[in-house]
Amino acid sequence: MTVGSSTTATQVGSVVVGARGLLGSAVVRAIRASEHFMLDDAPRVRWGSPVAATEDLSVIASALAERSGPWAVFWCAGAGVNGMDRAAADQEVAQFEAFLSRLAAVPHKGDGVVFLASSAGGVFAGSTGAPFSEASPAVPLGEYGRTKLRLEAALDTLDGHGSITSVVGRFSNIYGPGQDLDKQQGLISHLCRSTLHRRPMSIFVPLDTLRDYVFVDDAARMALAVVRAHRSSSARSGLHVLASGSATTVATVITSVAAVAGSKPLIVQGVSPLTSMQTHDLRLVPSPVALRASEETPLAVGIGATWRDMFAQFVGARRG
């Protein structure tokens, strides 16, 4: 991995870990439309093998240490969902810790920022007194939320490194084209798929449950904005709630999907072991930095983009 030419020495060279995921791919798009630039020759992390993934992350860390200009890492990786087991959590945390240890172990030629994509829903699941902000106590109810807090705590290893600072972004419910439908998360995408295929979908929370939905490209711009703001401050670390600031019920989401699709989703309400890990009211107070950066996409517009993308894939698969 090279570190860029002299013409980009003062620009922020960026690496996105998890670049093929929903948020990571949007962050890549946002970087390429900003003053940042991608260090395109960073190795693709081979997540299928823990040993290989650790090796690839070590290569990235070593190369960043050699970069003479400023750099940023956007950690958007993570296979965890509500209901994940401890073994999967331990592996995710161990890889992040190994990456941070490698970063902190060597002297750096340039200043860097590590941005961690965390989850407001995961860490505030058991909290009371919505709306929640950066000052609200984190009370996770499951392994997913506890894992996010462990990842956040791991950033403390960078505190003693003079040239590296850290930022945590606790995102609300991110949605948009490209959601991984193999995961049991992403209400809007799963509703679109269910409606498209005319298959019933189970919902395990009351329909008046409140969530904050943020379109993925808005979320990516927020991530860049807080990194940009952090670089211009003297703070060694930062914590931001990244959200739209608008609370929407599950019932409203269902109605909005029906309006876009022209057909009402087939819903089956039920209860599962995961129901107890879901808070009823997850209203959020977004970071001012995030709100200033967001070109907020209305929910109907974002759902429309998600539906069209899924419909195009459906038609393409049938033709293929």
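See above for the structure.
Values in this document were obtained by computation on a predicted structure and should not be read as measured data. (Residues numbered from 1 in each chain as written. Predicted model: local features only at pLDDT ≥ 70, side-chain atom pairs only at ≥ 80, totals over all residues. Heavy atoms only, no water.)

1. Concerning the overall build of the chain
To keep things clear, this is the line we draw: Numbering of helices and strands runs from the N terminus, with a helix taken as a DSSP run of H or I at least four residues long and a strand as a DSSP run of E at least two residues long. Radius of gyration: C-alpha atoms only; globule rule: 2.2 Å multiplied by the number of residues to the exponent 0.38. Burial classes: relative accessible area under 20% of the type maximum marks a residue as buried, over 50% as exposed, and values in between as partly exposed (1.4 Å probe, protein chains only). Here, residues are in contact when the closest pair of their heavy atoms is within 4.5 Å. Per-residue and other accessible areas follow the Shrake-Rupley method at a 1.4 Å probe size, with only the shown protein chains counted as cover for residues. We score Asp and Glu as negative and Lys and Arg as positive, and we do not count His or the chain ends. Positions of charges follow a simple convention, taking NZ of Lys, CZ of Arg, CG of Asp or CD of Glu.
On a plain count of helices and strands, the chain comes out with 10 helices and 11 strands. Taken over the C-alpha trace, the chain has a radius of gyration of 20 Å; the compact-globule value for 320 residues is 20 Å, and the two agree within 12%. Viewed in the frame of its principal axes, the chain has a C-alpha envelope of about 55 × 50 × 40 Å. A buried classification covers 51% of the 320 residues belonging to the chain. When contacts within the chain are restricted to residue pairs at least 6 apart in sequence, those whose partners lie at least 24 apart make up 82%. In the structure as shown, the chain presents an accessible area of about 14000 Å², 54% of it carried by carbon and sulfur atoms. The average position of the 28 basic charges and that of the 26 acidic charges among the side chains of the chain differ by 6 Å.

2. Regarding the packing of aromatic side chains
For any pair of aromatic rings, the description consists of the separation of the ring centres together with the inter-plane angle of the planes. For the record, the criterion: Ring geometry is summarised as follows: Phe, Tyr and Trp rings, the Trp one being its six-membered ring, pair when their centres sit within 6.5 Å, and such pairs are stacked at plane angles under 30 degrees, edge-to-face over 60 and tilted between the two.
Under the counting rule described, the total for this entry stands at 8 aromatic pairs. Here Trp75 and Phe99 contribute two aromatic rings whose centre-to-centre distance is 5.4 Å and whose plane-to-plane angle is 40°, an arrangement assigned as tilted. With a gap of 24 residues between them, Trp75 in strand 3 (residues 71–75) and Phe99 in helix 3 (residues 86–105) connect regions that are remote in the sequence. A residue is classified by how much of its surface remains accessible, and Phe99, at 1% relative accessible area, is buried. Ring centres 5.2 Å apart and planes at 25° place the aromatic pair Phe124 and Phe132 in the stacked group. Here Phe124 and Phe132 have matching classes, each one buried. Within the aromatic cluster, the residues linked to one another by ring pairs are Trp47, Trp75, Phe96 and Phe99.

3. Regarding the sheet that holds strand 10 (residues 247–249)
The condition that has to hold: Pairs of strands are assigned from DSSP output, requiring at least two bridges between the strands. Angular values range over 0 to 180 degrees, each being the angle between N-to-C directions of two axes fitted as lines to C-alpha atoms, with helices fitted over their stretch in contact.
As summarised here, the arrangement of the 3 strands in space is 6-8-10, forming an open sheet in which the pairing is mixed. Strands at the two margins of the open sheet, each flanked by one partner only, are strand 6 (173–175) and strand 10. Adjacent strand axes in the sheet meet at a mean angle of 55° when their direction is disregarded. Along the sheet, helix 8 (residues 250–261) contacts strand 8 (210–215) and strand 10; its crossing angle with strand 10, the most-contacted strand, is approximately 75°.

4. Overview of helix 8
Cut-off, in case you're wondering: How far a helix is expected to stretch is found by multiplying one less than its residue total by 1.5 Å.
Taking 1.5 Å per residue as the helical rise, helix 8 with its 12 residues ought to reach 16 Å, and the 16 Å between its terminal C-alpha atoms agrees with that figure. Along helix 8, the positions that sit buried rather than exposed are Val250, Val253, Ile254, Ser256, Val257, Ala258 and Ala261. Taken from the residues just after helix 8, Gly262 is the one with a positive phi, measuring 75°.

5. Topic: the nonpolar core
This is how the line gets drawn: Within this scheme, the nonpolar core is defined by two criteria: the residues are buried Ala, Val, Leu, Ile, Met, Phe, Trp, Tyr or Cys, and they are joined through side-chain atoms within 4.5 Å.
Val16, Leu23, Val27, Phe74, Phe115, Phe171 and Ile174 are the most contacted members of the largest nonpolar core, which totals 32 residues. Elements represented by at least two residues in this core include exactly strand 1 (12–17), helix 1 (22–32), strand 3, strand 4 (112–119), strand 5 (164–171), helix 7 (216–231) and helix 9 (288–293). In this structure Phe171 touches Leu23, Phe115, Ala117, Ser118, Ser119, Ala120, Gly121, Ala219, Ala223 and Leu242, once residues within four positions along its chain are discounted. Among the nonpolar cores identified, the runner-up in size contains 27 residues, and Val15, Leu57, Val114 and Leu151 belong to it.

6. Side note on the layout of surface pockets
To be explicit about the condition: Both site types are read off a 1 Å grid over the protein atoms alone. A 1.4 Å probe that fits but cannot get out defines a cavity, while an open set with protein on both sides within 12 Å along at least five of seven lines defines a pocket; lining residues have an atom within 4 Å of a point. Grid points are joined across faces, edges and corners, and a volume is the space filled by probe spheres set on the points.
Put simply, the second largest pocket is a space of about 190 Å³. Surrounding the second largest pocket, 15 residues form its lining, Leu181, Arg193, Asp309, Met310 and Gln313 being those nearest its centre. Here the element with the most residues in the lining of the second largest pocket is helix 10 (residues 299–319); it accounts for 6 residues.

7. A look at the packing of helix 1 against helix 7
To keep things clear, this is the line we draw: By definition, turning the near helix anticlockwise from the far helix through less than a right angle yields a left-handed crossing, and turning it clockwise yields a right-handed one. Under the convention adopted here, Pro, Cys and the residues Ala, Val, Leu, Ile, Met, Phe, Trp and Tyr are nonpolar, Asp, Glu, Lys and Arg are charged, and Gly plus all remaining residues are polar.
Packing of helix 1 against helix 7 brings their axes to within 8 Å, and their N-to-C directions diverge by 65°. Our pair here, helix 1 against helix 7, has a crossing hand that is right-handed. From helix 1, Leu22, Leu23, Ala26, Val27, Arg29, Ala30 and Ile31 reach across to helix 7, where they touch Val216, Asp217, Ala219, Ala220, Arg221 and Leu224. Residue classes in the contact of helix 1 with helix 7 are distributed as 10 nonpolar, no polar and 3 charged.

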